[in-house]
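# Architecture and fold: a report
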Amino acid sequence: METTIGSDISKASQLLASDEIVAVPTETVYGLAGSVFSQKAVAEIFKVKNRPEFDPLIVHTFNTDEIRSKIALENDPRIDLIEDRFWPGPITIVVKKRPEISEIITAGLETVAIRIPDHPVLLDLLKAFKDPLAAPSANPFGYISPTTAEHVKDQLDGLIPYILEGGDCLVGIESTIIDLSSPTVRILRKGKILQEEIEDCLKESVEMVEYETRSSPGSFGKHYSPGVPCRAFERSQYPGIKKMGLNTGVIAFNQIFDDIPEENQLLLSPSGDLGEAAHNLYAHLREFDKENFDRILIEKVPNKGLGIAINDRIDRASTD
Ligand code: TXA
Ligand code: MG
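Definitions and cut-offs
Residues numbered from 1 in each chain as written. Chains lettered and ligands numbered in written order. Predicted model: local features only at pLDDT ≥ 70, side-chain atom pairs only at ≥ 80, totals over all residues. Heavy atoms only, no water. Domains from an automatic or database assignment. Contact = heavy atoms within 4.5 Å. Buried area = accessible area lost by both parts, 1.4 Å probe. Salt bridge = Lys/Arg side-chain N within 4 Å of Asp/Glu carboxyl O. Helix = DSSP H or I, 4+ residues; strand = E, 2+ residues; numbered from the N terminus. Buried < 20%, exposed > 50% of the residue type's maximum accessible area, 1.4 Å probe, protein only.

### Overview of the domain arrangement of the protein chain
The parts lose accessible area when they come together, and the size of an interface is often stated as this lost area. In terms of domains, the protein chain is made up of domain 1 (4-208) and domain 2 (230-317). Spacing between the C-alpha centres of domain 1 and domain 2 amounts to 28 Å. With 22 residues of domain 1 at the interface, the matching set in domain 2 holds 18 residues. When domain 1 packs against domain 2, close to 1600 Å² is buried across both sides, 58% of that on carbon and sulfur atoms.

Given below as structure tokens:
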């Protein structure tokens, strides 16, 4: 199969209507999309990603009417609160599903994860296609999520017919996931939208679920890893770590290390901006994963605001 990259929304829509899958841009990372009502497409997503069947997918749509009429079982008023404040945007809610949403998508769960993504190309496609799209991140299972169309092609070339071009993903890390189906709202995955913002929006307290204890399927601690051994570190630990190998690539936050060749270093954000750091994180990991380093060291960022989610992804990329 030939994989092409293009901007043709009607072509993408036609492929989806023929039960094919298409890679699509979002503001967080690229997704691998299929119609929620196509068993064939949904099965193909799991196959192409090599994703275990117990790891459920996120359903994407363009407005809350679609959520209520096609995806969510109950008319939870918090759906409107989330929309007013955050959607379209990088937050996913988990609610009880309608019976029409297949258990393949939800990995047998009675709940479904839903979001309205903030990307003009994908929103146009969702409106043209008219049905919701199931889409996990468009990476092979366990690898770093793609933030450009080229990243998708690097790994899924020959496996999917079409990649819809949408430029660089602005946010760069996956959406915050919150569970609205439990008695207390729980954050299942950290992201750009923060705990305190969600509490302020919903006017209720929100619990942070640590990965070791959370009950969500697919809640693997290690994830998003590059192929080369990767280790997270704090700047204060650095003198100990640098002795560990000469052929090391260092991804630092905002300042290079003087004792390492500059070509072996990348900065997440020279100006120390956390938004820029999130935007660059996966692209930098991919870039260094292609070099012949024995090891990648990656510096943690200040652990506040968006830095909390960035550090979560850095820890999960850390294999070493
Ligand atoms: O930003 C994002 O969310 C991106 C873009 C493409 O929208 N998508 C993404 O999907 O990161 P994926 O499949 O890589 O991660 C989806 C996560 C999984 O960890 C899965 O366990 C969780 O969502 N999830 C899906 N349905 C769930 C459910 N019913 N209950 C709990 N967790 C669920
Ligand atoms: Mg993923």
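### Section: the pattern of salt bridges
Using the criterion set out here, one finds 20 salt bridges in the structure. For the salt bridge of R85 with D200, the shortest nitrogen-to-oxygen distance reads 2.9 Å. Of the two residues, R85 sits in helix α4 (residues 78-86) while D200 sits in helix α7 (residues 195-202), which places them 115 residues apart along the sequence. A residue is classified by how much of its surface remains accessible, and R85, at 40% relative accessible area, is partly exposed. Residue classification places D200 among the partly exposed residues on the basis of a relative accessible area of 41%. In this structure, the salt-bridge partner of R313 is E174, at a minimum N-O distance of 2.8 Å. Note that R313 is positioned in helix α10 (residues 306-317) and E174 in the loop between β8 (162-164) and β9 (176-179), a separation of 139 residues in sequence. Each member of the pair, R313 together with E174, is buried. One connected set of salt bridges, linked through shared partners, spans E174, D312, R313 and R316.

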